[in-house]
There are 2 protein chains.
Amino acid sequence: MIYLDYASATPVRFEVLKEMEKYHMVLFANPSSIHEAGLQVAQALDQAVARVRTILGAGSNDHVLFTSGGTESINLAIQGVVLASTRKRKHIITTSLEHKAVLETCAFLSEKYGVRVTYIAPRANGIVRVRDIVNAITPDTILISVMYANNEIGTIQPLREIGAVARRKGIIFHTDACQAGCYADLDVSRLGVDLMTLNSGKMYGPKGAGLLYVRKGVSLVPLMYGGSQQSGLRPGTENVAGIMGFVKALELAQKERVREVKRLITLRDGFIEKILKAIPDSRLNGDAVCRLANNINLSFRGVEGEALVRYLSQQKIYVSTASACSAHSIEVSHVIKEIGVPTSYARGTIRLTLGKETTRKEMEMVGKKVGEIVNVLRRV
Amino acid sequence: MIYLDYASATPVRFEVLKEMEKYHMVLFANPSSIHEAGLQVAQALDQAVARVRTILGAGSNDHVLFTSGGTESINLAIQGVVLASTRKRKHIITTSLEHKAVLETCAFLSEKYGVRVTYIAPRANGIVRVRDIVNAITPDTILISVMYANNEIGTIQPLREIGAVARRKGIIFHTDACQAGCYADLDVSRLGVDLMTLNSGKMYGPKGAGLLYVRKGVSLVPLMYGGSQQSGLRPGTENVAGIMGFVKALELAQKERVREVKRLITLRDGFIEKILKAIPDSRLNGDAVCRLANNINLSFRGVEGEALVRYLSQQKIYVSTASACSAHSIEVSHVIKEIGVPTSYARGTIRLTLGKETTRKEMEMVGKKVGEIVNVLRRV
């Protein structure tokens, strides 16, 4: 098989699996227990928080909350900030390119609490203008939430510039960095973010683990109530093995990042160049340069993307149309719509996301197959 | 080491670890992906739901929602039912013995939404009277939440009788069955429950996984918003390995239940008898018969439970004072208070919870050590 859907899910890497095994079988006690077995686990968790702080360049009083994944972290960040605010009128700025976890959470807050939400549209290259965000700020704006990199077209947003604006205006800034974890600088000080969501299942850690970085001083209302774990902001016995595996994966990903980004960009750009040359009426969606090292998003005129995915799947080549989270939708993805891909192309969109195991040989094989199948489909 | 804190956390059993490994490394695709690799995982998840329905005696239209653990399931059940109800005045009946996840969620709903909550106190044996619940019902009562078995003193509540009452009155009935998963009948029809919380980390499955059984027709408001996974009631990529491991653990626990319960009751009752005979001014807390097969909760007059736990820990014997979730509290546990343990005994409480690896020899050794240490502490 050739797996090119790493943006949807990654396998757990071996080092992470070994780390988790230890906490499943040996250091399995409850970290809240006061006996030695529990204290040992509590210590490991404390160290895990410290290790994350180091990777993120976070302060020693900043919170690192471990959650069940990206969706929970995003909900905790956005619901948490908005419901903690005592302001009478509340305004959120986000983008029209966000993941559904952001869009649906904003929709919920708007519907249930009358929170006003501005959705900034991107330019045709899939990147938002900082100026548009600045212009949308009102005295009621309490939160800006902009994804680090888009999950479909891989475009990287200008976080530092947005962070600088947010800081100047005293507005809390959250970023959904789920897709960026392996490929971008996660230093929260350099980026100027107050809240950052990361997802283990997209970075060769286990699914069912995520984190929310919370800068000191940012108040959150929890989603759940119970024990006093994680300062009461995220009660419940910690998913110890998941957390320890996730932190290991995060460390390794960031350690290998620069080299891996270089390797993937070569594969990515080689593939794109060949396809655009070989297949007429094809186009790359999203900025060619300012995009994730592992993301390729292409549209072919007069082809059904879903058919292309299924034909490739029959050849054991696994790619996707949009994000997995909306893969079952028959609509053109909101991201593809937002960047104004012409209708004749829009339905013919596929996403290939590369990863650790991806080789040049695989990419050549896939390039050939994509060409063949597009031809077949266009003839039907 | 002798681990007697299985109510706080269990190790992951080997069969479960093997099952999880498969989904971490091989069947790792996103179950929402439409390629073959994703469909295979989606199928495994569908089968997992069906397997849980079989174990629980659930209908084919009943929901099984996989969550991140007991706390999330409980919050989803209680917040979910209360916030979904369009009734103007809302009343919950629960017990004063519940886990903090129930008590704190009720407190939140009371504080934020003015929901009225009645906390039924147990009899001195740690079991609530069904009559007291019946008497507490008002026309505003929308939810009864009673734990299956208590996490500290192990007493088993009369779920069937409460379920019958709830059904007759048309009130939704939730049970927190986190401690009962390995030791009690989980058939939701026989029990008459509409919602049931189970926690993987207490039944030799991985931490960070739990489930909420939801009878068909029960409306819930989700805690989080995002993708359409799990009918939108619990969005986010499923923790596939965690779920598959949990379901395996649940199946094995229920298969081995009758034999294991018998084995543990013999160990439990032998230990209790010896201790009560050997140590003057000692008492068993909670009903001697109607309690979990693995639970021993004892109080010793004029002794500090925490000191006892620490001394035992130095001998590599791991027990607890109360539940792990409130282990760091210096107060006497609310459960011990509620059943009226005399003050001179209350602070000298320890909980020993047995498990799969517990042997007669271990229990004999622990019995001896407890006797010695109680003597030492009483002399100080």
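A.B. asks: Would you mind going over the relation of the copies chain A and chain B with me for this structure?
C.D. replies: Two chain copies here: they are related by a rotation about an axis and a translation along the same axis. Superposing chain A onto chain B takes a rotation of 180 degrees combined with a translation of 0.0 Å along the rotation axis, leaving an RMSD of 0.0 Å. Overall, the copies show the geometry of a two-fold rotation axis. Considering only C-alpha atoms, the part of chain A nearest the rotation axis is A:S68, at 3.0 Å. Looking at chain A, 100% of its interface residues are interface residues in chain B too, so the copies touch through the same face.

A.B. asks: What am I meant to see in the packing of helix 1 (residues 14-25) of chain B against helix 8 (residues 240-278) of chain B here?
C.D. replies: All names here are of chain B. Where helix 1 meets helix 8, the closest approach of the two axes is 8 Å, and the angle between their N-to-C directions is 155 degrees. Taken together, the axes of helix 1 and helix 8 lie roughly antiparallel to each other. Our pair here, helix 1 against helix 8, has a crossing hand that is right-handed. For the pair helix 1 and helix 8, the contacting residues are E15, V16, E19, M20, Y23 and H24 in the first and V240, A241, G242, M244, G245, K248, A249 and L252 in the second. Of the residues belonging to the contact of helix 1 with helix 8, the class tally is 8 nonpolar, 3 polar and 3 charged.

A.B. asks: Just to check I follow, could you spell out unusual backbone geometry for this structure?
C.D. replies: Glycine aside, negative phi is the norm for most residues, and most peptide bonds take the trans geometry. Within the chain, A:S231 stands out as a residue other than glycine whose phi angle is a positive 55 degrees. Looking at where A:S231 falls in the secondary structure, it is placed in the loop between strand 8 (210-214) and helix 8 (240-255). On the basis of relative accessible area, A:S231 is assigned to the exposed category, the value being 53%. You will see that B:K316, though not glycine, has its phi angle at about 60 degrees, which is positive.

A.B. asks: How should the environment of B:L65 be read in this particular structure?
C.D. replies: All names here are of chain B. Assignment of secondary structure puts L65 in strand 2 (residues 63-67). Judged by relative accessible area, L65 falls into the buried class, the value being 1%. For the pair L65 and A293, spaced 228 residues apart in the sequence, the C-alpha separation amounts to 28 Å. Look past the residues within four positions of L65 in its chain and what remains in contact with it is L76, G210, L211, L212, V214, L220, Q230 and L233.

A.B. asks: Honestly, the state of the cysteines in this entry has me stumped. Any pointers?
C.D. replies: One covalent bond between the sulfur atoms of two cysteine residues makes up a disulfide. All names here are of chain B. Within the structure shown, the criterion is met by 0 disulfides over all chains. Not engaged in a disulfide, the cysteine C106 finds its nearest cysteine sulfur in C178; these two sulfurs lie 15 Å apart. C178 provides the cysteine sulfur closest to C182, a residue in no disulfide bond, and the two sulfurs are 11 Å apart. Residue class for C182 comes out buried when judged on its relative accessible area of 9%.

A.B. asks: Sorry, what's going on with the pairing of strand 3 (residues 91-95) of chain B here?
C.D. replies: Note on strand geometry: in a regular strand, side chains alternate between the two faces of the sheet. Residues and elements named next belong to chain B. Counting buried positions along strand 3 gives 5 out of 5 residues, so the element sits mostly inside the fold. What you see with strand 3 is no split at all: H91, I93 and T95 on one side and I92 and T94 on the other are buried throughout. Where strand 3 and strand 4 (residues 116-120) come together, 5 bridges link them in parallel fashion. Bridge pairing links I92 to V117 in strand 4. The pairing of strand 3 with strand 5 (residues 141-145) spans 4 bridges and is classified as parallel. Within the sheet, the bridge partner assigned to T94 lies in strand 5 and is S145.

A.B. asks: For this particular structure, what's the right way to read the environment of A:R310?
C.D. replies: Residues and elements named next belong to chain A. Relative to the elements of secondary structure, R310 occurs in helix 10 (residues 305-314). Considering only alpha carbons, one finds R310 and T321, 11 residues apart in sequence, at a separation of 9.9 Å. A polar atom in the side chain of R310 sits 2.6 Å from the side chain of E306.

A.B. asks: Looking at this structure, how should I read the interface of chain A and chain B?
C.D. replies: Interface size is often expressed as the accessible area that is lost when the parts come together. Taken together, the 64 residues of chain A in the interface contact 65 residues of chain B. Taking both sides of the interface into account, the surface hidden between chain A and chain B amounts to around 5300 Å²; carbon and sulfur atoms contribute 64%. It is A:F28, A:I34 and A:Y225 in chain A that bury the most area against chain B; as a group they hold 15% of the surface buried on that side. The interface formed by chain A and chain B includes 19 residue pairs in polar contact (both at pLDDT 80 or more). Breaking the side of chain A that touches chain B down by element, the ones donating at least two residues are helix 1 (14-25), helix 2 (36-56), helix 3 (70-84), helix 4 (100-113) and helix 10 of chain A. Ranked by residue count, the leading element in the side of chain A that touches chain B is helix 4 of chain A, at 7 residues.

A.B. asks: Help me out: how do you make sense of the packing of aromatic side chains in this one?
C.D. replies: In this description, a pair of aromatic rings is defined by centroid distance and the angle of the planes. A complete count under the given rule lists 10 aromatic pairs over all chains for this structure. With centroids separated by 6.1 Å and ring planes inclined at 90 degrees, the aromatic side chains of A:F108 and A:Y113 adopt a geometry described as edge-to-face. Among the residues examined, A:Y113 registers a relative accessible area of 33% and is labelled partly exposed. Arranged with centres 4.2 Å apart and planes meeting at 15 degrees, the rings of A:F108 and B:Y225 form a pair that is stacked. In this pair, A:F108 sits in helix 4 while B:Y225 sits in the loop between strand 8 (210-214) and helix 8, so the two residues belong to two different chains. Residue classification places A:F108 among the buried residues on the basis of a relative accessible area of 15%. Each member of the aromatic cluster is reached from another via a ring pair, and the members are A:Y3, A:Y6, A:Y204 and B:F28. Above the plane of the ring of B:Y204 lies B:K356, whose end atom (NZ or CZ) is 5.7 Å from the centre.

A.B. asks: Honestly, the sheet that holds strand 4 of chain B in this entry has me stumped. Any pointers?
C.D. replies: Strand pairing in a sheet relies on backbone hydrogen bonds, with the paired strands running either antiparallel or parallel. Residues and elements named next belong to chain B. Taken in spatial order, the 7 strands line up as 2-8-7-6-5-3-4 in an open sheet, and their pairing is mixed. Sheet topology places strand 2 and strand 4 at the edges, where each strand pairs with a single neighbour. Across the sheet, the mean angle from the axis of one strand to that of its neighbour is 20 degrees, orientation sign disregarded. Along the sheet, helix 6 (residues 159-169) makes contact with strand 5 and strand 6 (172-176), crossing strand 6 at roughly 160 degrees.

Calculation rules
- Residues numbered from 1 in each chain as written.
- Chains lettered and ligands numbered in written order.
- Predicted model: local features only at pLDDT ≥ 70, side-chain atom pairs only at ≥ 80, totals over all residues.
- Heavy atoms only, no water.
- Least-squares fit on C-alpha atoms with pLDDT ≥ 70 in both.
- Contact = heavy atoms within 4.5 Å.
- Axes fitted to C-alpha atoms, helices over the stretch in contact; angles between N-to-C directions.
- Helix = DSSP H or I, 4+ residues; strand = E, 2+ residues; numbered from the N terminus.
- Parallel < 35°, antiparallel > 145°, perpendicular 65-115°, else oblique.
- Left-handed = near helix turned anticlockwise from the far one by under 90°.
- Nonpolar A, V, L, I, M, F, W, Y, C, P; charged D, E, K, R; others polar.
- Buried < 20%, exposed > 50% of the residue type's maximum accessible area, 1.4 Å probe, protein only.
- Disulfide = S-S within 2.5 Å.
- Pairing = 2+ DSSP bridges.
- Polar contact = N/O pair within 3.5 Å; in protein donor to acceptor, adjacent residues only side chain to side chain.
- Buried area = accessible area lost by both parts, 1.4 Å probe.
- Phe/Tyr/Trp six-rings, centres within 6.5 Å; stacked < 30°, edge-to-face > 60°.
- Lys NZ or Arg CZ within 6 Å of the ring centre and 35° of its normal.

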